[in-house]
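Remarks on the overall topology
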Amino acid sequence: MARMKFLCDADRCIECNACVTACKNEHEVPWGINRRRVVTINDGLPGERSVSMACMHCTDAPCAAVCPVNCFFTTADGVVLHSKDLCIGCGYCFYACPFGAPQYPRVGNFGSRGKMDKCTFCAGGPDPANTQANFTQYGTNRLAEGKLPLCAEMCSTKSLLAGDGDIIAKIYKERVAKRGYGSGAWGWKTAYRETIAG
Amino acid sequence: MTLQTRIRTIVGVFAIAFAVAFVTPAAAQSVNPTASSVNEEKLLKELNQISGRCTLPNQTACNIEIPANREWRDFQQVTLRWIAAISIVGVFALLVIFYLTRGMVKIESGRSGRTVTRFNGYERFVHWMTATCFIILALSGLNITFGKALLLPIMSPEAFTAISQWGKYFHNYLSFPFTIGTIMIFLMWIGGNIPNKTDIEWAKRGGGIVGKDHPPAYRFNGGQKMIYWIVVLGGAAVAISGYILMFPFYGTTVSGVQLAQIVHGIVAALFIAAMLGHIYIGTIGMEGAFEAMGSGEVDVNWAKEHHKLWLEEEMGKGSPRAKAQPAE
Amino acid sequence: MLIKRTEREARRSQLAASLSVNSSGGMNRRTFLRRSGLAAGGLAAVGALPLAGARHAEAGPVPPAGAKIEIKRNICTHCSVGCTVVAEVANGVWIGQESGYESPINRGSHCAKGAAVRELVHGDRRLKYPMKLVNGQWTRVSWETAINEIGDKMQAIRAKSGPDSVYWLGSAKFSNEGAYLNRKFAAYWGTNNVDHQARICHSTTVTGVANTWGYGAQTNSYNDIRNSKTLIIMGGNPAEAHPVSLQHLLEGKENKRANFIVIEPRLTRTAAHATEYVRIRSGTDIPVAWGIMHHIFKNGWEDKEFIAQRVADMDLVRKEVEKWTPEEVERVTGVPGEQLARVAKMFATEKPSTLIWCMGATQHTVGTSNVRAFCNLLLATGNVGKVGTGANIFRGHCNVQGATDLGLDIGTLPLYYGLVPGAWAHWARVWETDLNWLKARFADEKMMGAVGIPSTRWFDAATLPKERVTQNDNIKAMMVFGHGGNTVTRMPKAKEGIEKLDLLVVADPHPTTWAALSERKDNTYLLPTGTQFECDGSRTASNRSLQWGEQIVKPIFESKNDYEVMYLLAKKLGFEKEMFKNIKVENNQPLAEDILREINRGGFSTGYSGQSPERLKAHMKHQDKFDLVTLRAAKDAPAEIAGDYYGLPWPCWGTPQIRHPGSHTLYNTNLHAKDGGGTFRARFGVERVVKTKVMEDGKEVEKEQRFNLLAEGSYSLGSELKDGYPEFTYGVLKKLGWDKDLTDAERATIEKIGGNNPDGVGWAIDLSGGIIRVTLEHGVMAYGNGKARAAAWNLPDPVPVHREPIYTPRPELVGKFPTYANAQRFRVPDIGFDVQKAAVDKGVAKQFPLVLTSGRLVEYEGGGEETRSNKWLAELQQDSFIEINPADASERGIRDGQWVWVSGAENARARVKALVTPRVGKGVTWMPFHFAGWFQGVDQRKNYPAGTDPIVLGESVNTVTTYGFDPATGMQEPKATLCQVAAA
């Protein structure tokens, strides 16, 4: 069984934001919600690196642990999903998330921030069918069609890898060996409690 | 996202920036950006978190990795639950034991039939408004912490979500009357609640509840003063931390919000435990006590036993609130 | 923060509806889990999937029940990389975008813009119907009314001021067919005042490079850079401007452990991946290039054999280079000699090496000289005409290469034929239009051959006194087809120009800055035209590959495509029968394929003759058969593409029937001419004659020196001529006895063209393609086998010399390195010298101490109207900004994110946000050029027709950019000017 993961090879990432708009395009994510984003570290200095970040679909996901209504579940592929029908918009998952993945339609918590929204690894919602209702809530389910997340498929430099953890770790390892450098599998230790030796 | 946090983030970024700049002073001579690239492991070791620059207006998005966020769940799921469970269940158990051993504190001299006004309508309104809010806030709050362990197994997820969703609405909206009530309590009873010498005496004699003593007290005895200050300070703490949670990231980062939740959770748990005691003593724990907040009129003998100095004051005012009416 | 709520509300109500459906369906926890279990079952196979994943026809928003999903392939409409866009269409609606892994150019990848192109045809903010200004109010009109009124007004201007008073500003966003039609339209209207974005991006490249070795285009390709061992990117930030190219650059860097050198004033996102970053002062590219060459010559690292065989006049360059000692280079550019020595050694000795440049090199008064210096660096090290080498010039727009090729230019007819009588005669033959009729369309025969006014100067030609403009009258009408109004420098002047016009017509998917900048009240028309996704046609990527895009959806709202708009206008002006003689028109829709066939029939000079629509469509169909590195389809690929290079990169010689494969790398002597090999073009004659007067025996005598311009001992693989040779004519063919290889039909065509002098018929005007076919058979290039010119004697500086920018931060250097003398150029006066002198005299550099340079953001493109209207992109860049170094910012008390005023050296100002960053060095600032809609602090949102205002507005950098033009092309100078920044 596959264990789906993301890996952003920062030595390839150029902050082109294709992953961000590909996600918007695929799922028609509204203005203000960014399931994926790109951040540049040491901006403008030699050694600057950009990293594309979204939900990492953690092992033993903290968002799921702190959710007061247990709206999260992990698919057999290791994709962490949630049910918007159950979410109460409390914001706890955002506080527990090391990657800032959960997003809300509204900024404040007053009344409600609305249902939490986050990257689904293009795996839709609790109901795997590609129906209009599911699309509106969660976006498309590309995994069910045998496709991988569009952000990674469209990555301009093949920096963002998505797929089975072992496979993408192997690709990354080969790259590092070939080129002789690698700034790390960003977020892997935090999300999966493992690192990829360079 | 406020300017303040944004500045903080940016200052942070520049702090890293300049650190690197100073490390490589001969930058012009040999600039190999690939060789000097930042490294995740190193950054995490140095700064415990990784932030950078992003173009989104929501600058919280510029934090890409804060491993410590993961640890908050230990508090949320373990520590807080233990604190809350021990304090609330513990106090409850103590009260049960106490009740079983001590029973209801009777008015020793029996009811006099004459009453004296202890709390006027305004005071009682404020008390009950705050109390009602508190109970709903407490229940909906407990639901957030314990609901999925206690309620979810016995109902459908949809029903539990509906309860929690409504609970959250109540929790958020009732926070306002609760806050107002707390402020009013603070203002209207501050006069009688400044600790003084009598409290020391009162405390020495165990408040009279242990044993069968009646240490003298003004309008509020030491125990009540404690409740007062618990309400005022605890109320302030839960209100402030609660509003931070309600409007997150206005001046706080994720860790700030986490801290607010920690404060909110612990204070609320202890608050609830304390209020259990308050409720006990005001109801089944002591004969005649409930009337103070019920009708506002207390029996003079009750007052004599528990608030002797206050009763003397009231009588001495010449326009005694004490009414020569037989109690029914 | 900008948050659009309306849409979200709408979505939420849908969400609520779906919620109720779900809950009535009674989804409890058990179904919840069961279903996720089902999902897992369905996914069992996914773990074994490779990264690319299996393909499936359905994706994106859910198609309506029963709808058939069609896959359409088109090309991204943004930069010049040429990424394939795969669209899923259901019931005429573009419902989803997939990644086209088959394309060897982008392998499924996109940048932010490419991944968001589907939004363009949602068109929330598109212009929806034709509009005109009536007393300052935008009013809806019908197409018929609009075309009629525009046509009548044009005729009135023509009658009063002559045809040259109407300016045709075309677009690099046209398809090849659209660009060609637009150029042809200007010819039929009777003016050479026709231009497009290439003027302001790579006009200097085209001129400089073509004058060096024949053709002014990228010599190799994005893919070929994978072969490079050393690459220099100088004056370019492809990570933001051409993001998908970085896939090839970075993979090449990794695979070859290549030297990746970035020479730039800013530490850009590209520089972040460099192995060597060289920070230079803006506008000192020539000293840096000569500084590198100084080390090369000093150490004998030059490729002596290559120079001897294939380069003319390198000695003249050597003489100039000698002046640029490391000390002098450091004094002028700020780059330490030691660093340049390292760069020089890598570039000259770790080969193959390539030089990549963009607008950082071209957008200067010395733009042409800059690129010439770069070409010399390549020539000196023998880095041209081989894989992994070359001048990899990254063009800007999706079809700026094609639009340039097709003559959307003030100085040439389609495919670089020039404006000489022979060129007009050639195209008149192709068009089957009487040359005399064409002549009569122009003011006079002189104007027919006169180079027009560049797009950088049209407003000067509209506002200057009439006598100072070398044509009958001022510019009175602007016909703007897909060109931003904010990408040209000196916007305050442009605003004056717009206000002076008698007629302004904007044919564009968006109203653009043209519609919003001025306070015009009348005589302004907006014609909604579709994007290239709503249109069939081919476009030429930077690497000269042509790709056929099929219409994805019909033009949305009342939009029409470019072809139809031009047809309707031609019809109104009465020459549609003449102009569309050989092009099938159905329901006012000219057929794109027919237009391309007409281009093929006339496009021999540049090898645009072999790319028939059928061949291009076959390439799109079999994209996956082309190799990633060589771009070539194997011999065993389907017959229609076997052996071809992807997109038949021009030159694709001869007629489509002879099936030339195209030329992946130009001037590559390692390949046979029929395999896409070649030589340097013998474009500049056989020899250069230098006459000098010397004193001999006390008498002045004229001496003549002759320098050979043909290659020596170098020729393309399999050539029957083993030395240099001139361009082919029928006469040359006869001399070699090869004329007997011509077919009768070919000979007849040549003789018909030649009339009295058939021997004079050159290869480029031989409409039969016979001369080219025969020369290819003999392994030789019809355009000759010449030497590249190190010195181009027809340019203002034959050997590039450094000249300080008009507004320089180093006024003390102006004495030694002054700009060009004043002159009347391109029908208008160029007073750059006076402006520079005045700036030095007035101490402008003290008042405006910061260098201002400009560039691209990845999210936006060009003038940005289209991209700033795209909600998926606009969210990512919501404010115009200026990058300023932390030291400069703290001196001025400026915080990051704060509003500031930027004052330009010509006293215009712009209100933008400060982005405090060490990307720029101390004393340097940078602004993106995509913003518009604010002008000197005034929000002009109300000037847009309701509902068509872009989501994000902001100040354009070109409000504060200044005077300065390249004398060879009229290129502007936005990359090196001065400004001051103060907290707002």
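Whatever comes next refers back to the structure up there.
Residues numbered from 1 in each chain as written. Chains lettered and ligands numbered in written order. Predicted model: local features only at pLDDT ≥ 70, side-chain atom pairs only at ≥ 80, totals over all residues. Heavy atoms only, no water.

Concerning empty space enclosed by the protein
- Looking at the largest cavity, its volume works out to about 680 Å³.
- Along the wall of the largest cavity there are 38 residues; nearest its centre are Y92(A), L137(B), G141(B), H171(B) and H264(B).
- Broken down by secondary-structure element, the contributors of at least two residues to the lining of the largest cavity are α3 (92-96) of chain A together with α3 (72-102), α4 (121-150), α5 (157-189), α7 (222-246) and α8 (254-282) of chain B.
- With nine residues, α4(B) is the largest single contributor of residues to the lining of the largest cavity.
- A per-class count over the lining of the largest cavity returns 22 nonpolar, 15 polar and one charged.
- Here the second largest cavity is characterised by a volume of approximately 550 Å³.
- Lining the second largest cavity are 40 residues, and of these K173(C), Q197(C), H397(C), G482(C) and G484(C) sit closest to its centre.
- Of all elements in the fold, only α5 (198-201), β15 (503-508) and α32 (865-868) of chain C reach the threshold of two or more residues within the lining of the second largest cavity.
- A breakdown of the residues in the lining of the second largest cavity according to their chemical character gives nine nonpolar, 24 polar and seven charged. (1 Å grid on protein atoms, 1.4 Å probe; cavity = no way out; pocket = protein on both sides within 12 Å on 5 of 7 lines; lining within 4 Å. Points joined across faces, edges and corners; volume = space filled by probe spheres on them. Helix = DSSP H or I, 4+ residues; strand = E, 2+ residues; numbered from the N terminus. Nonpolar A, V, L, I, M, F, W, Y, C, P; charged D, E, K, R; others polar.)

Considerations on the pattern of salt bridges
Residues and elements named next belong to chain C.
- Scanning all chains against the criterion turns up 92 salt bridges over all chains.
- Residue E593 is joined to K617 by a salt bridge in which the shortest nitrogen-to-oxygen separation is 2.5 Å. Taken together, the positions of E593 in helix α25 (residues 592-602) and K617 in helix α26 (residues 613-621) put the pair 24 residues apart, joining distant regions of the chain.
- For E593, a relative accessible area of 12% puts it in the buried group. (Salt bridge = Lys/Arg side-chain N within 4 Å of Asp/Glu carboxyl O. Buried < 20%, exposed > 50% of the residue type's maximum accessible area, 1.4 Å probe, protein only.)

Here we look at helix α3 (residues 143-161) of chain C
- With 19 residues, α3(C) extends 26 Å between its outermost C-alpha atoms, agreeing within 8% with the 27 Å of an ideal straight helix rising 1.5 Å per residue.
- Looking at the residues trailing α3(C), positive phi occurs at G162(C), about 95°. (Expected span 1.5 Å × (residues − 1).)

Topic: unusual backbone geometry
- Following K351(C), the chain continues into P352(C) via a peptide bond in cis, with omega recorded as 0°.
- Here the bond from W650(C) into P651(C) is cis, since omega is 0°, no more than 30 degrees from zero.
- Along the chain, P651(C) falls in the loop between α26 and β21 (687-696).
- The backbone of N70(A) sits at a positive phi, close to 50°, despite the residue not being glycine.
- Assignment of secondary structure puts N70(A) in the loop between α2 (62-66) and β4 (72-74).
- One non-glycine residue, Y416(C), lies in the positive phi region at around 60°.

Describing the environment of E102(C)
All names here are of chain C.
- Its location among the elements puts E102 in the loop between β3 (93-99) and β4 (131-134).
- For E102, a relative accessible area of 27% gives the class partly exposed.
- Residues E102 and M620, spaced 518 residues apart in sequence, show a C-alpha to C-alpha distance of 9.2 Å.
- If sequence neighbours within four positions are ignored, E102 has contacts with R73, Q623 and D624.
- A distance of 3.2 Å separates a polar atom in the side chain of E102 from a polar atom in the side chain of R73. (Contact = heavy atoms within 4.5 Å. Polar contact = N/O pair within 3.5 Å; in protein donor to acceptor, adjacent residues only side chain to side chain.)

As for the state of the cysteines
- Evaluation of the coordinates by the stated rule reveals one disulfide over all chains.
- Covalently, C54(B) is tied to C62(B) through a disulfide, its sulfur atoms 2.3 Å apart. Its torsion about the S-S bond being -85°, the disulfide of C54(B) and C62(B) is classed as left-handed.
- Using a relative accessible area of 6% as the deciding quantity, one classes C54(B) as buried.
- For the unlinked cysteine C155(A), the closest cysteine sulfur is that of C16(A), found at 6.2 Å.
- Relative accessible area serves as the criterion here: at 10%, C155(A) is assigned to the buried category.
- A disulfide-free cysteine, C535(C) has its sulfur positioned 11 Å from the sulfur of C398(C), the nearest such atom.
- Judged by its relative accessible area of 2%, C535(C) is buried. (Disulfide = S-S within 2.5 Å.)

Some words on the sheet that holds strand β5 (residues 137-140) of chain C
Residue and element names in this part refer to chain C.
- Spatial strand order, β5-β4-β16-β15-β14-β6-β7: seven strands in an open sheet with mixed pairing. Sheet topology places β5 and β7 (194-195) at the edges, where each strand pairs with a single neighbour.
- Together, β6 (166-169), β7 and β14 (477-481) form the strand contacts of helix α4 (residues 176-189), whose direction differs from that of β6 by roughly 170°.
- Packing of helix α23 (residues 562-573) onto the sheet brings it into contact with β6, β14 and β16 (524-528), and relative to β14 it is tilted by some 150°. (Pairing = 2+ DSSP bridges. Axes fitted to C-alpha atoms, helices over the stretch in contact; angles between N-to-C directions.)

Description of the environment of I475(C)
All names here are of chain C.
- Note on placement: I475 falls in the loop between α20 (458-463) and β14.
- Classification of I475 by relative accessible area gives buried; the value is 1%.
- Expressed as a C-alpha distance, the spacing of I475 and A905, which sit 430 residues apart in the sequence, is 27 Å.
- Those residues in contact with I475 that sit more than four places away from it in its chain are D164, S165, Y167, N193, I453, W458, A461, A462 and L501.

Here we look at the environment of M448(C)
Residue and element names in this part refer to chain C.
- Its place among the elements puts M448 in helix α19 (residues 445-448).
- Accessibility expressed as a relative area gives 3% for M448, which makes it buried.
- When sequence neighbours within four positions are dropped, the list of residues in contact with M448 reads N192, L419, W424, L435, L438, K439 and F442.

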